[in-house]
Amino acid sequence: VTITTRLLVSHLSGIRHYEKDVTKVKEEKEKANRALKLTKSHQDKEQKEKESKGIEKTDCVKQKKEHDSETKSRNSKPGKNDKEFEQEEYYLKEKFESVIESLKIFKNDPLFFKPGDQFLYSTYGFTLLSAVVERASGQKFTDYMLKMFRDLDMPSTVLDDNEAMVYNRARCYIYNKKGRLVNAPYVDNSYKWAGGGFLSSVGDLLKFGNVLLYSYQAGQFKNRNGKLLPGYLKPGTVAMMWTPVPKTEVSWDRDGKYAMAWAVVEKNQQYGCCRQQRHYASHTGGAVGASSVLLILPEELDPEALGTWPVAPPRGVIVTIICNMQSVSLNSTALKIAREFDKEKRAQ
């Protein structure tokens, strides 16, 4: 088979995640698909009933359902029922000198499906992707990334190396089997630098979000007298990264699809005066003893007014949350915050 970098970055490669049993993975996916179909059929039935009465389904009904589901997830204790963190490979303590060396963990394992056929979130897919970067750049992946973080002005973003003295490094926590809060166990992240091996701060992640948003919007603004500097990435590159890829899915946002290393929700509105779905990109992070999210909500720009605006990109709202607690759901909270700030900006 052929596995491309595009398949890797969209989790369509067929490479396993932490679960080694393909039967268990398929059972979980089938269960999730059945639940999704039941939810969709129920929503379609409700919609038809509303339409037959001549009443459109309003935003209030939708918001109530979202609120109920969010309340349910909020009331469940974080980190207590997360089966994924029961996988042994989350707690590896072996030190790998390079990402190419760490490929030995999964390189002889069978693919779970033909590349391109199905979506399966895979940290090891990103380990392979980092090995590609290592070979293509001719330098260690970690050196390559740290230089990039320096260019992006992210001084607090470093390797999560246990031996290094990291200023203001937080302690991480988990719930044990008895439901008590305890210190997270020691792990060595050298087997998955690309998929969860960096430490950062909210300030650095906000800078990272601004870099991407600036790059995304820079091409839409008229460059007066060469004053507008180019973005770190080409506008078309970010647009491609934020374009949903077919056959993908997102566990933390039911409105989204996976793109290239980002979950993306596209702009959509089906009925007048009803629920509006804004375009935004986000990604959550989960590690032993920590949770995070970065969400980017671009401002909807008016092409006719861009030439007269005295302001430059980035235009929009960026929200990031980092929590030193395992299995905390943060995406819906970040989206609520982004919407509130966006609403305030539009009211001004």
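Residues numbered from 1 in each chain as written. Predicted model: local features only at pLDDT ≥ 70, side-chain atom pairs only at ≥ 80, totals over all residues. Heavy atoms only, no water.

Taking an unreviewed UniProt entry as the reference, the chain is identified by name as LACTB protein belonging to Picathartes gymnocephalus.

Q: Would you mind going over the sheet that holds strand β5 (residues 257–258) in detail, with residue names and values included?
A: Taking strand neighbours across the sheet as the criterion, the five strands line up as β5-β6-β7-β8-β9 in an open arrangement whose pairing is antiparallel. Lying at the two open borders of the sheet, with one neighbouring strand each, are β5 and β9 (316–323). In this structure, strand β6 (residues 263–265) lies alongside strand β7 (residues 280–287), joined through three bridges in antiparallel fashion. Looking across to β7, one finds that Ala263 is bridged to Ser282. Helix α10 (residues 331–347) contacts β7, β8 (290–298) and β9 of the sheet and is inclined by roughly 150 degrees relative to β9. (Pairing = 2+ DSSP bridges. Helix = DSSP H or I, 4+ residues; strand = E, 2+ residues; numbered from the N terminus. Contact = heavy atoms within 4.5 Å. Axes fitted to C-alpha atoms, helices over the stretch in contact; angles between N-to-C directions.)

Q: Residue-level account of unusual backbone geometry, with values.
A: For the bond running from Pro313 to Pro314, omega is 5 degrees, close enough to zero to count as cis. Examined against the element boundaries, Pro314 turns out to sit in the loop between β8 and β9.

Q: Just give me the short version of α10, but keep the residues and values in it.
A: Compared with the 24 Å implied by 1.5 Å per residue over 17 residues, the 24 Å span of α10 between its first and last C-alpha is a close match. Those residues of α10 lying buried are Asn331, Ala334, Leu335, Ala338 and Asp342. Down the axis of α10, the buried side of the element spans an arc of 95 degrees, and every buried residue falls inside it. Turned more than 90 degrees off the buried face of α10, the exposed positions are Lys343 and Ala347. Looking at the buried side of α10, the elements it contacts are β7, β8 and β9. (Expected span 1.5 Å × (residues − 1). Buried < 20%, exposed > 50% of the residue type's maximum accessible area, 1.4 Å probe, protein only. Arc of directions from axis to C-beta.)

Q: How would you sum up the nonpolar core? Please name residues and give values.
A: Ranked by internal contacts, the top residues of the largest apolar core, which has 40 residues, are Tyr124, Trp242, Trp262 and Ile296. Two domains each provide a minimum of three residues to this core, namely domain 1 (1–40 + 80–160 + 188–199) and domain 2 (220–347). In this structure, Trp262 is in contact with Phe208, Leu212, Met241, Trp242, Lys257, Ala281, Ser282, His283, Leu294 and Ile296, ignoring residues within four places of it in sequence. (Core = buried A, V, L, I, M, F, W, Y, C linked by side-chain atoms within 4.5 Å. Domains from an automatic or database assignment.)

Q: Explain the pairing of β7 to me, and be specific about the residues and the numbers.
A: In summary, the side chains of a regular strand alternate between the two faces of the sheet. Pairing geometry for β7 and β8, over seven bridges, is antiparallel. Among the inter-strand pairings, Gly286 is bridged to a residue of β8, identified as Ser291. Hairpin connection, β7 to β8: the antiparallel pair is bridged by two residues, and Gly289 has positive phi, about 85 degrees.

Q: Any details on the state of the cysteines? Residues and values, ideally.
A: A covalent bond between the sulfur atoms of two cysteines is referred to as a disulfide. Counted according to the given criterion, the structure contains zero disulfides. Lacking any disulfide linkage, Cys172 is separated from the closest cysteine sulfur, that of Cys323, by 9.3 Å. We note that Cys273 lacks a disulfide partner, and the nearest cysteine sulfur, in Cys274, lies 7.0 Å from it. Accessibility expressed as a relative area gives 84% for Cys273, which makes it exposed. (Disulfide = S-S within 2.5 Å.)

Q: Kindly report on the environment of Pro298, identifying the contributing residues and their values.
A: With respect to the helices and strands, the residue Pro298 is situated in strand β8. Through-space distance from the C-alpha of Pro298 to that of Pro313 is 10.0 Å; in sequence the pair is 15 residues apart. Not counting the four nearest positions on each side in its chain, Pro298 is found in contact with Leu213, Tyr216, Gln217, Trp242, Arg278, His279, Tyr280, Arg315 and Gly316.

Q: So what about the side chain of Arg278? Which residues, and what values?
A: Mapped onto the elements, Arg278 comes out in the loop between β6 and β7. For Arg278, a relative accessible area of 12% translates into the label buried. Reaching out from Arg278, the side chain makes a polar contact with the backbone oxygen of Pro298 at a distance of 2.9 Å. Residues in contact with Arg278, not counting those within four places in the same chain, are Val265, Glu266, Lys267, Leu297, Pro298, Glu299, Glu300, Asp342 and Arg346. (Polar contact = N/O pair within 3.5 Å; in protein donor to acceptor, adjacent residues only side chain to side chain.)

Q: Account for the environment of Ser201, naming residues and giving values.
A: Mapped onto the elements, Ser201 comes out in the loop between β4 (198–199) and α8 (202–217). Sequence-wise, Ser201 and Ile321 are 120 residues apart; in three dimensions their C-alpha atoms are separated by 9.0 Å. If we ignore the near neighbours within four places in the chain, the residues touching Ser201 are Ser156 and Ile322. Of note is the side chain of Ser201, whose polar atom sits 3.2 Å from the backbone nitrogen of Asp204.

Q: Tell me about the environment of Arg171, and please be specific about residues and values.
A: Relative to the helices and strands, Arg171 resides in the loop between β1 (158–159) and β2 (173–175). Under the relative-accessibility criterion, Arg171 is labelled exposed at 52%. Separated by 118 residues in the primary sequence, Arg171 and Gly289 have C-alpha atoms spaced 8.3 Å apart. Here Arg171 is in contact with Asn183 and Asn324, once residues within four sequence places are set aside. Within the structure, the side chain of Arg171 is placed 3.3 Å from the side chain of Asn183, a separation counted as a polar contact.

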